[in-house]
Amino acid sequence: SYDSMNVPSIRQGKYFFIKHCGLQNQPVLFIKKNNKTRILIDPNKLSKQGKVSLDWWYPSRDGSLIAYGLSRDGDENSVLYIKDIESGKNLPDKIPYTNFCDITWLLNSTGFYYTRMPILSTVPNGDEYYYERVYFHKIGTSYKNDPIIFGEKREKEDKFGVELSKDGRFLLVTVYKGWVSNDIYVFDRLENKWVTVIENLNAIFKPKIHRDSIYILTNYKSPNFKICEVSLKNAGKGIKFWKTIIKEEKYPIEEFQLVSDHLFVLTIKNIISILNVFNLKGKFLKNIKVLHNTSSLSSIYSLNSEEEGKELFFSSQSFFSPSAVYRIEIPKLKISIWGKSGFPIKIANYKARQVWYKSKDNVSVPMFILYKKRIIRNSKNPLLLTGYGGFSVSLTPYFAPEIIPFLDSGGICAIANIRGGGEFGEIWHKSGMLDKKQNSFDDFIKAAEWLINNNYTNSQKLAIQGGSNGGLLVAAALVQRPELFRVAVANVPLFDMIRYEKSLIGQLWNKEYGSVENKKEFLNLLKYSPYHNIKKGLFYPAILINAGEKDTRVDSSHSKKMCASFQQNTTSDLPIILCIESKSGHGSGKPLSTFIKEYTDIWSFIFQQLGISK
């Protein structure tokens, strides 16, 4: 029970931000103007059980209107609404099929470009989560008449991002092809002409329009990423016209933001965030120091500003400090706290440290270890190990209050930064995907062995936990080394890697995992697919599997089949439990009351199985 808030979006003196207060089921959208704050959208009033969630929101350029998406039961099938900010009333416009919607408004707020899924009747059965396209919507008209602006000839798995230049002339469209490559196109609205900026290169390109140029974060021939600039007038002339503003360095660039004459660049050095400021020519100006964290192990994220604004906002958190929102004044680059959360623990009682260990192929892998100070390391400590290792996701330090009771009871938590994530750039990511996916599992297993060999715990006191791709990680480790663990918890997991692409949005992950349609990739998937590698007659540990019946990403059938197979094949009498939440999805939009129930189940299970008495 504590308050938290996110980074605001600014529109001409109006600040829009999400705040989660105490034990509210859903976070609330606020607007602040002239130091006066009021509620703009409160999903808690739309459902007593907190089953309606605010998925996303986009204020118009002048801050007069806001488009936002609501979904129910965590299914992420958003419906778009438009609210008049001054009156607080919704307009008649209503657009379904806006899952993971991206929006960019016209300057005069009379319409917007947006992404959405097709009307169900227009696509083959089973393909309702594909064929996303870019549309244009004029306020006051039916979405059924919205023209497709881009994407009709693209692959059904492609996803899109849209951005309109400040003068309203250029529409930038980014095409996301899995997690490994992007194409970029620009539409000149004045000349009614499309221009290809980059396409069909096996690299990531993340663009932003600023003034008369496109700035692009890319790993093209630079696996740790660099930032390039090309003028809009030269955008269609090829990569030879690009100018490198920030060169690739030893540590990867995570994010960047442009504000007036300043370029803010966020990098991660050995999993720790660093924020530097440059001018638009790439000259270094300043390193931004975070104020509130007592630990040097902290994360920075969500850089946000207006293009020609006088301030930039970002969030920062550490393992034992909840997120705080910071404001940087421009051009002075003076930093201050804009909003922060309070949490009733004594930070000084806890410790976070980073260690490195060798994986199976002798690659060095970092790991965070969290514990209460003055703990005795005697090989008998209960320990929870977690990881992710996929889709270039970096597990930088994050605040997780649910682990505090475990630490207070003598437990230790470890977070392994295994391959498949983005902690060390695209090389690290590609070293844990497709035919190299086994590296992720080896890294995780070696983390467990290192913790045992260094007297942090033993196999009878070791629990592992992961969600989604992290659930796949937990299951793969279980079937490959069942004797190494005492407890395993998998949340909304993938288990059947032979049929994962046959349901929901599974085909979006082909470039990460591979496809059964390719013989070589099929054989690799079969080699590690947890569901296909359970062995009859083995002693499997205690297992808790959590899934959501409304999950639109990972089908709950993965969990049902895997639980049944574990129960059928294990020789142990340890519990193997499946918990299906009937009105819950992959996790997004889940009400706090459901989270509390789920955490109660998970930690009760871990405490009981590890023999923790308090």
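**Student:** Describe in detail the overall build of the protein chain, supporting the description with residues and values.
**Tutor:** Per the secondary structure count, the protein chain includes eight helices and 37 strands. Expected size for 614 residues packed as a compact globule is a radius of gyration near 25 Å; at 24 Å, the protein chain falls within 12% of this value. For the protein chain, the spread of C-alpha atoms along the principal axes amounts to about 70 × 55 × 55 Å. By residue count, 60% of the 614 residues in the protein chain fall in the buried class. The contacts of the protein chain with a sequence gap of at least 6 include a subset with a gap of at least 24, amounting to 56%. Of the accessible surface of the protein chain, which amounts to about 25,800 Å², a share of 50% is contributed by carbon and sulfur atoms.

**Student:** I'd love a proper account of the packing of aromatic side chains, names of residues and values included.
**Tutor:** Evaluated as defined, the whole model comprises 38 aromatic pairs. On the numbers, 5.0 Å between centres and 45° between planes, the contact of Phe-150 with Trp-194 is tilted. With a gap of 44 residues between them, Phe-150 in strand S13 (residues 148-150) and Trp-194 in strand S17 (residues 193-198) connect regions that are remote in the sequence. Assessed through its relative accessible area of 34%, Trp-194 is described here as partly exposed. Considering the side-chain rings of Phe-319 and Tyr-398, the 6.0 Å spacing of their centres and the 65° angle between planes classify their relative orientation as edge-to-face. Taken together, the positions of Phe-319 in the loop between strand S27 (311-318) and strand S28 (321-329) and Tyr-398 in the loop between strand S32 (383-387) and helix H1 (404-408) put the pair 79 residues apart, joining distant regions of the chain. Under the relative-accessibility criterion, Phe-319 is labelled buried at 4%.

**Student:** Any chance you could break down the packing of helix H3 (residues 438-453) against helix H4 (residues 469-480) for me, citing the residues and the numbers?
**Tutor:** Two elements in contact, H3 and H4, have axes separated by 10 Å at closest approach and are oriented at 70°. Comparing the axis directions of H3 and H4 gives the class roughly perpendicular. Residue-level contacts link Gln-438, Ser-440, Phe-441, Phe-444 and Ile-445 of H3 to Leu-472, Leu-473, Ala-476, Ala-477 and Gln-480 of H4. Among the residues forming the contact of H3 with H4, the class breakdown is seven nonpolar, three polar and no charged.

**Student:** Give a description of the pairing of strand S30 (residues 350-358) that names residues and reports values.
**Tutor:** Across nine bridges, S30 lies against strand S31 (residues 364-372) in antiparallel orientation. Each bridged residue has a counterpart across the sheet, and for Tyr-357 the counterpart in S31 is Val-365. Between S30 and S31, which pair antiparallel in sequence order, lie five residues; one of them, Asn-362, sits at a positive phi of approximately 75°.

**Student:** How would you summarise the sheet that holds S28 if you had to cite specific residues and measurements?
**Tutor:** The four strands are arranged S26-S27-S28-S29 in an open sheet whose pairing can be described as antiparallel. Each of the sheet's edge strands pairs with one partner strand only, and the pair in question is strand S26 (298-305) and strand S29 (334-340). Averaged over all pairs of adjacent strands, the angle between strand axes in this sheet comes to 30°, irrespective of strand direction. Here S27 pairs with S28 via seven bridges, running antiparallel. Bridging from a neighbouring strand, Ser-316 pairs with Ala-324 of S28.

**Student:** Talk me through the pattern of salt bridges; I want residue IDs and the actual numbers.
**Tutor:** What the rule picks out here adds up to 26 salt bridges. Between Lys-590 and Glu-598 there is a salt bridge whose closest N-O contact spans 2.8 Å. Residue classification places Glu-598 among the buried residues on the basis of a relative accessible area of 15%. One network of salt bridges, in which partners are shared, links Arg-154, Asp-158, Lys-177 and Asp-183.

**Student:** How would you explain unusual backbone geometry if you had to name every residue and give the values?
**Tutor:** The omega torsion across Ile-330 and Pro-331 is 15°, close enough to zero to call that bond cis. For Pro-331, the position within the fold is in the loop between S28 and S29.

**Student:** Please set out the sheet that holds strand S7 (residues 65-72) residue by residue, giving values where relevant.
**Tutor:** If you walk across this open sheet you meet the four strands as S6-S7-S8-S9, and the pairing is antiparallel. The two strands at the open ends of the sheet, each matched to only one other strand, are strand S6 (52-59) and strand S9 (90-95). Neighbour-to-neighbour, the strand axes of this sheet turn through a mean angle of 25°, independent of strand direction. Two strands pair when backbone bridges link them, and S7 and strand S8 (residues 79-84) are joined in this way by six bridges, in the antiparallel orientation. When the bridges of S8 are listed, Gly-69 appears paired with Leu-80.

**Student:** Just give me the short version of H3, but keep the residues and values in it.
**Tutor:** Residues spaced three or four apart along an α-helix face the same direction, because each turn holds 3.6 residues. For H3, built from 16 residues, the straight-helix expectation of 22 Å at 1.5 Å per residue is met to within 8% by its first-to-last C-alpha distance of 22 Å. Most of H3 sits out of view: twelve of its 16 residues are buried. Taken as a whole, H3 has its buried residues at Asn-439, Ser-440, Phe-441, Asp-442, Asp-443, Phe-444, Ile-445, Ala-447, Ala-448, Glu-449, Trp-450 and Leu-451.

**Student:** So what about the environment of Lys-166? Which residues, and what values?
**Tutor:** Note on placement: Lys-166 falls in the loop between strand S14 (159-164) and strand S15 (170-177). Owing to a relative accessible area of 48%, Lys-166 belongs among the partly exposed residues under this scheme. Put simply, Lys-166 and Arg-211 are 45 residues apart on the chain and 7.1 Å apart in space, counted from C-alpha to C-alpha.

**Student:** Any details on the nonpolar core? Residues and values, ideally.
**Tutor:** Counting 94 residues, the largest nonpolar core has Met-367, Leu-385, Phe-406, Tyr-513 and Ile-606 as its most contacted members. With eight residues, the single largest contributor to this core is H4. Residue contacts for Met-367: discarding those within four places in its chain leaves Arg-353, Gln-354, Val-355, Tyr-357, Leu-385, Ala-414, Ile-415, Ala-416, Asn-417, Ala-447, Trp-450 and Leu-451.

**Student:** Give a detailed account of helix H7 (residues 557-569), specifying residues and quantitative values.
**Tutor:** Compared with the 18 Å implied by 1.5 Å per residue over 13 residues, the 18 Å span of H7 between its first and last C-alpha is a close match. Three or more residues of H7 are buried, namely His-558, Ser-559, Met-562, Cys-563, Ser-565, Phe-566 and Asn-569. For H7, the angular spread of buried residues about the axis comes to 165°, placing them on one side. Buried residues belonging to H7 abut H4, strand S36 (542-548) and strand S37 (576-581).

**Student:** Give a detailed account of the environment of Arg-499, specifying residues and quantitative values.
**Tutor:** Following the sequence through the fold, Arg-499 ends up in the loop between strand S35 (487-491) and helix H5 (510-513). Its relative accessible area of 47% is what places Arg-499 among the partly exposed residues. Taking the C-alpha atoms as reference points, Arg-499 and His-558, separated by 59 residues in sequence, lie 9.2 Å from one another. Look past the residues within four positions of Arg-499 in its chain and what remains in contact with it is His-532 and Lys-561.

Cut-off values and rules
Residues numbered from 1 in each chain as written. Predicted model: local features only at pLDDT ≥ 70, side-chain atom pairs only at ≥ 80, totals over all residues. Heavy atoms only, no water. Helix = DSSP H or I, 4+ residues; strand = E, 2+ residues; numbered from the N terminus. Rg over C-alpha atoms; globule rule 2.2 N^0.38 Å. Buried < 20%, exposed > 50% of the residue type's maximum accessible area, 1.4 Å probe, protein only. Contact = heavy atoms within 4.5 Å. Areas by Shrake-Rupley, 256 points an atom, 1.4 Å probe, with all protein chains shown as cover. Phe/Tyr/Trp six-rings, centres within 6.5 Å; stacked < 30°, edge-to-face > 60°. Axes fitted to C-alpha atoms, helices over the stretch in contact; angles between N-to-C directions. Parallel < 35°, antiparallel > 145°, perpendicular 65-115°, else oblique. Nonpolar A, V, L, I, M, F, W, Y, C, P; charged D, E, K, R; others polar. Pairing = 2+ DSSP bridges. Salt bridge = Lys/Arg side-chain N within 4 Å of Asp/Glu carboxyl O. Expected span 1.5 Å × (residues − 1). Core = buried A, V, L, I, M, F, W, Y, C linked by side-chain atoms within 4.5 Å. Arc of directions from axis to C-beta.

Everything listed here is a matter of coordinates, which is why it stays silent on function.
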